[in-house]
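Listed below are the residues making up each chain.
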Amino acid sequence: RSSDLTRFGISLAGANFDSLIAIYPDGTVTVNHGGNEIGQGINTRLAQVVAYKFGISAENINVVSVKPTCTNVISAPSNVTGGSVTAEMNAASLLHAADTLLRRLTPFQKPGQTWAEVIAAASGAGVPLTSTGWTNAPPPGLNSPMFNYNVCAASLTVAEVDMLSGQAEIISTDMVYDCGLSTSPLLDIGQIEGGFIFGVGMLMTEELAWDPVTGLPTATTHWNYKIPCSFTIPETLNIALLKDAPNPLGVLGSKGTGEPGVCMAASVPQAVESAITAARAANGLGSTRWTCQTYPLTVDKSQQACGTTISNYF
């Protein structure tokens with residue numbers, strides 16, 4: 001029964017992920033985890049984490065393979081992939097599983113032995129070489145340790161605005177991002193770049209609109225809903241990870257990437273607002289800084305804010 005007093009809420013309660021590591025007699029390692037590879041590189045990152053934990057060199061990392069996430073293998077209720085915590089929590093889960101295996105392998109480790117020799121000795125002795133891991137982060141809350149560290153970053157953007165058309169061009173963006181000790185620097189930079197461009201779209205181009213009569217959405221195609229494209233990306237985009245900044249509360253000293261990079265896109269509309277302020281001053285509208293009141297700061301808003309008149313064309 002419906003009621004005007006009834007309200008429905010949705011909550012993400014904790015971040016639980018399970019994992020499985022299996023080592024074969026020839027030294028090859030297979031990994032199953034509770035996250036989903038959707039192009040963000042989680043499988044590559046977790047293979048690197050497992051190889052690091054086992055002391056497998058980068059030259060031999062191909063002995064570690066990550067299997068597709070499947071409930072036929074991972075039966076426990078893993079959480080969703082998202083929120084910039086999936087890679088970190090799955091890495092923690094795999095580290096737990098790896099610790100169990102390393103304890104079993106300790107009696108067979110001798111100076112000078114290769115990974116394959118250690119595994120062959122343990123396998124020959126009948127040591128079980130399969131182990132599971134599990135992480136159970138508590139639900140979010142005011143004092144929840146689930147969010148027990150902050151990600152800090154700074155970005156500087158240079159933008160140019162055509163005061164006649166309102167079209168903005170991002171000349172350059174330079175960013176410093178505190179990633180702790182990155183478990184995979186190239187993947188982290190890629191995630192930061194993606195988050196930044198996501199934020200540029202949210203703040204500059206992706207405008208939602210509805211029909212005032214029917215209430216139906218009118219921004220339903222790429223013709224009237226403008227997602228970021230090749231012309232939206234800064235001509236120069238430099239991202240540097242803060243050096244020598246281990247995170248004592250993170251997995252292997254790292255920090256999450258993904259959504260935090262979205263916040264850094266705030267430098268783009270601020271740069272455009274500075275350019276609009278200069279244009280307004282040139283058009284005799286004063287030097288008071290102009291700020292956008294409703295985002296995104298689309299082309300038409302920029303053009304109107306510049307105070308351009310017909311006299312600017314002649």
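First things first, this report covers the structure right here in the doc. (Residues numbered from 1 in each chain as written. Predicted model: local features only at pLDDT ≥ 70, side-chain atom pairs only at ≥ 80, totals over all residues. Heavy atoms only, no water.)

### Here we look at the pattern of salt bridges
Counting across every chain of the model gives 5 salt bridges. Residue Asp188 pairs with Arg45 through a salt bridge whose shortest N-O separation is 2.8 Å. In this pair, Asp188 is assigned in helix 4 (residues 185-205) and Arg45 in helix 1 (residues 42-54), connecting sequence segments 143 residues apart. Overall, the relative accessible area of 9% leaves Arg45 in the buried class. The partner of Lys255 in a salt bridge is Asp178, and the shortest N-O contact between them spans 2.7 Å. Remark: Asp178 occurs in the loop between strand 6 (168-177) and helix 4 and Lys255 occurs in the loop between strand 7 (236-241) and helix 5 (259-263); sequence separation between them is 77 residues. (Salt bridge = Lys/Arg side-chain N within 4 Å of Asp/Glu carboxyl O. Helix = DSSP H or I, 4+ residues; strand = E, 2+ residues; numbered from the N terminus. Buried < 20%, exposed > 50% of the residue type's maximum accessible area, 1.4 Å probe, protein only.)

### Some remarks on the packing of aromatic side chains
Counted under the stated rule, the structure contains 1 aromatic pair. If you follow Lys226 out to its NZ or CZ, it ends over the ring of Trp223, 5.4 Å from the centre. (Phe/Tyr/Trp six-rings, centres within 6.5 Å; stacked < 30°, edge-to-face > 60°. Lys NZ or Arg CZ within 6 Å of the ring centre and 35° of its normal.)

### Section: the sheet that holds strand 6
Spatial ordering of the open sheet is given by 5-6-7, a layout of 3 strands whose pairing is mixed. Each end of this open sheet is capped by a strand with a single partner; those strands are strand 5 (153-161) and strand 7. Going from strand to strand, the sheet's axes swing by 10° on average, the running direction of each strand aside. Taken strand by strand, helix 4 contacts strand 6 and strand 7, and its axis lies near 130° from that of strand 7. Lying over the sheet, helix 6 (residues 267-282) contacts strand 5 and strand 6, oriented at roughly 40° with respect to strand 5. (Pairing = 2+ DSSP bridges. Axes fitted to C-alpha atoms, helices over the stretch in contact; angles between N-to-C directions. Contact = heavy atoms within 4.5 Å.)

### Considering helix 2 (residues 86-105)
Between its terminal C-alpha atoms helix 2 stretches 28 Å, which fits the 28 Å expected from 20 residues at 1.5 Å a residue. The element helix 2 is largely enclosed, with a buried count of 15 among its 20 residues. (Expected span 1.5 Å × (residues − 1).)

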